[in-house]
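# Remarks on the overall topology
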Amino acid sequence: MQPLVVLGNVNVDLILGPVAPWPQVGIEIFVPHDELRVGGSAGNTALAWAGLGVPFRLCASRGNDSFGDFLVEAFPAGSVSWTRTDAKTTLTIGVTHPDGERTFLTTRGHLPLYGPDEALAALREVPLAGGWLLLSGAFQTEALMPGYGRLVDYAHRVGARVAIDPGWPPAGWTEPVRAFAQSLLAVSDCALLSEVEATSLTGCPSPLTAAEVIARTMRDGAIAVVKCGPNGAVAAGKICGTWSVPAPQVEVVDTIGAGDVFNAGFLAAIARDEPIETCLADAVALASRAISTSPRSYAPVAEPPPIRA
Ligand code: ADP
């Protein structure tokens, strides 16, 4: 199996439950579910690899507090190269809205806890030769953009291939971000895009056409994958080939991080040199399992506990 490395953000998410009316006192409150879990796109992917039992390395930073300690415990020993341990916490608060959607509030905003130099230094420490480097949430931290070219060059120099999951840029697809996206895709071997990213980048309403258009702009042998939520996923090769895998109907518990888990399944399969169809099928199967079998519960709390004097 070829080495797998992911670089990106990892957080500790504290998930607050849904808003519950509290009629006795006439207010609505967020009900804490007392839940801490690993979050951040790179963290989600790494945890899925750990669940699959495949060897991997995560390059990420963490806060120098008890939440940072939580992260150290969360991953298999030796699987993380911490780019920096920083005074800024990696705690992120997730607020569940009545419709089940969640927003995440972070004290760090979109600032990463590492810069391009630290990221490169961390990459040099991990076994990457001949493997795959996933740049996760690549467009979510504009501060890092100038450094990505160097990371890609380094990966190619050691004979690795580069996969990009852009993540939604904080400022949206402004012209500079779009130009950056195009330049980064042009040197990448695999694009792992959500449907809205692919269609908004290309202007093509069909995810498969968007995948074909994007693949044509990429390196020789590259593949563009578009994740389509309940419709599964599609992919297109640069020279030829299109693939489409439907998602099984599942009872959805929690779709947060589904795309990151999908990435883990896809790359684990491509690192075993499986055909693209198998990579897509593995990724869809893993994502389906993740969204439907979460041990977490977000059921609304019917009756909040009484206040004691
Ligand atoms: P992202 O989280 O990046 O937006 P998607 O929402 O497309 O990515 O989810 C990634 C994968 O998770 C999909 O390709 C699909 O396999 C699975 N998935 C997501 N939502 C659903 C759903 N409602 N029903 C079945 N599978 C889903």
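Please refer to the structure higher up on the page.
Please read these numbers as outputs of a predicted model, since none were measured by experiment. (Residues numbered from 1 in each chain as written. Predicted model: local features only at pLDDT ≥ 70, side-chain atom pairs only at ≥ 80, totals over all residues. Heavy atoms only, no water.)

### Description of the site of the ligand
Heads up, the condition is: In these notes, residues near a molecule or strand are those with any non-hydrogen atom within 4 Å of it. We define a polar contact as two N or O atoms separated by no more than 3.5 Å, with the added condition that, inside protein, one atom must be a possible hydrogen donor and the other a possible acceptor, whereas residues neighbouring each other in sequence contribute only through side-chain atom pairs. In this description, accessible areas are obtained by the Shrake-Rupley approach with a 1.4 Å probe, and a residue is regarded as covered only by the protein chains that are shown. A run of H or I in DSSP becomes a helix once it reaches four residues, and a run of E becomes a strand once it reaches two; helices and strands are each numbered from the N terminus. Here the term charged refers only to Asp, Glu, Lys and Arg, the term nonpolar to Ala, Val, Leu, Ile, Met, Phe, Trp, Tyr, Cys and Pro, and the term polar to all other amino acids, Gly among them.
Taken together, 16 residues surround the ligand, and among them Lys 227, Gly 229, Gly 232, Gly 259 and Ala 287 come closest. Here an oxygen atom of the ligand sits 3.5 Å away from a polar atom, N or O, in the main chain of Cys 228. In this structure, Gly 259 approaches the ligand through a main-chain N or O atom, which is 3.0 Å from an oxygen atom. Protein contacts shield 79% of the accessible area of the ligand, which totals 550 Å² for the unbound molecule. Where the shell around the ligand is concerned, the elements lending two or more residues are α8 (258-270) and α9 (276-292). Its residues assigned to classes, the shell around the ligand comprises eleven nonpolar, four polar and one charged.

### Comments concerning the pattern of salt bridges
Worth spelling out the cut-off: Any carboxyl oxygen of Asp or Glu within 4 Å of a side-chain nitrogen of Lys or Arg constitutes a salt bridge here. Exposure categories follow from relative accessible area, calculated using a 1.4 Å probe and restricted to protein chains: below 20% of the type maximum is buried, above 50% is exposed, and the middle band is partly exposed.
One pass over the structure, following the stated rule, counts seven salt bridges. As a salt-bridge pair, Lys 227 and Asp 165 come within 3.0 Å of each other at their nearest N and O atoms. One end of the pair, Lys 227, is in strand β11 (residues 223-227); the other, Asp 165, is in strand β9 (residues 161-165), and 62 residues separate them in sequence. With a relative accessible area of 6%, Asp 165 lands in the buried category.

### Let's talk about the packing of helix α6 (residues 195-202) against helix α7 (residues 207-216)
Under the convention used in this document: Think of each axis as a best-fit line through the C-alpha atoms, taken over the contacting stretch in the case of a helix, with angles from 0 to 180 degrees between the N-to-C directions. Here a crossing is taken to be left-handed if its near helix is turned anticlockwise relative to the far helix by less than a right angle, and right-handed if that turn runs clockwise. Whether two residues touch is decided by their heavy atoms; if any such pair falls within 4.5 Å, the residues are in contact.
In contact at an axis separation of 9 Å, α6 and α7 are set at 60 degrees when each is read in the N-to-C sense. The element α6 and its partner α7 pack so that their crossing is left-handed. When α6 is examined against α7, the residues Glu 195, Ala 198, Thr 199 and Thr 202 are found in contact with a partner set consisting of Pro 207, Ala 210, Val 213 and Ile 214. In the contact of α6 with α7, the residues fall into five nonpolar, two polar and one charged.

### Observations regarding the nonpolar core
Let me state the cut-off plainly: In this text, buried Ala, Val, Leu, Ile, Met, Phe, Trp, Tyr and Cys residues form a nonpolar core when linked through side-chain atoms within 4.5 Å.
Leu 135 and Phe 139 are the most contacted members of the largest nonpolar core, which totals 45 residues. Tallying contributions element by element places helix α4 (residues 145-157) first for this core, with six residues. If near-sequence neighbours (up to four positions away) are discounted, Leu 135 is found in contact with Leu 7, Tyr 148, Leu 151, Val 152, Val 162, Ala 163, Ile 164 and Asp 165. Counting 43 residues, the second-largest nonpolar core is a separate cluster that includes Val 38, Leu 192, Ala 235 and Ile 270.

### With respect to the packing of α8 against α9
Relative to each other, α8 and α9 sit at 145 degrees, their axes nearing to 7 Å. Here the hand of the crossing between α8 and α9 comes out right-handed. Residues Ala 258, Val 261, Phe 262, Ala 264, Gly 265, Phe 266, Ala 269 and Ile 270 of α8 form the contact with α9, whose own contacting residues are Ile 276, Cys 279, Leu 280, Asp 282, Ala 283, Val 284, Leu 286, Ala 287, Ala 290 and Ile 291.

### With respect to the sheet that holds strand β5 (residues 80-86)
Put simply, the test is: For two strands to pair, DSSP has to find at least two bridges joining them.
As summarised here, the arrangement of the nine strands in space is β5-β4-β1-β8-β9-β10-β11-β12-β13, forming an open sheet in which the pairing is mixed. Both outer strands of the open sheet, β5 and β13 (242-245), are each paired with one neighbouring strand and no more. Put simply, the sheet's adjacent strands are angled 15 degrees from each other on average, direction ignored. Pairing of strand β12 (residues 233-237) with β13 involves four bridges; the strand directions are antiparallel. The residue bridging Ala 235 from the neighbouring strand is Trp 243, located in β13. Packed onto the sheet, α7 meets β10 (190-194), β11, β12 and β13 and runs at close to 30 degrees relative to β12.

### Some remarks on unusual backbone geometry
Negative phi characterises most residues that are not glycine, and trans characterises most peptide bonds. Of note, Asp 273 is a non-glycine position whose phi angle comes to about 65 degrees, a positive value. Judged by relative accessible area, Asp 273 falls into the exposed class, the value being 56%.

### A look at the pairing of β10
Consecutive residues of a regular strand have side chains that alternate between opposite faces of the sheet. Formally: When the strands point away from the viewer, a crossover counts as right-handed if the route from the first strand across the helix to the second turns clockwise.
The element β10 is largely enclosed, with a buried count of four among its five residues. Pairing of β9 with β10, which is carried by two bridges, proceeds in the parallel orientation. Each residue of the ladder has a partner; that of Ala 163, found in β10, is Cys 190. Assessed by its sense of winding, the connection that carries the chain from β9 through helix α5 (residues 175-186) to β10 is right-handed. As paired strands, β10 and β11 are joined by five bridges and run parallel to one another. Residue pairing in the sheet places Cys 190 in a bridge with Ile 223 of β11.

Keep in mind these values describe shape, not function.
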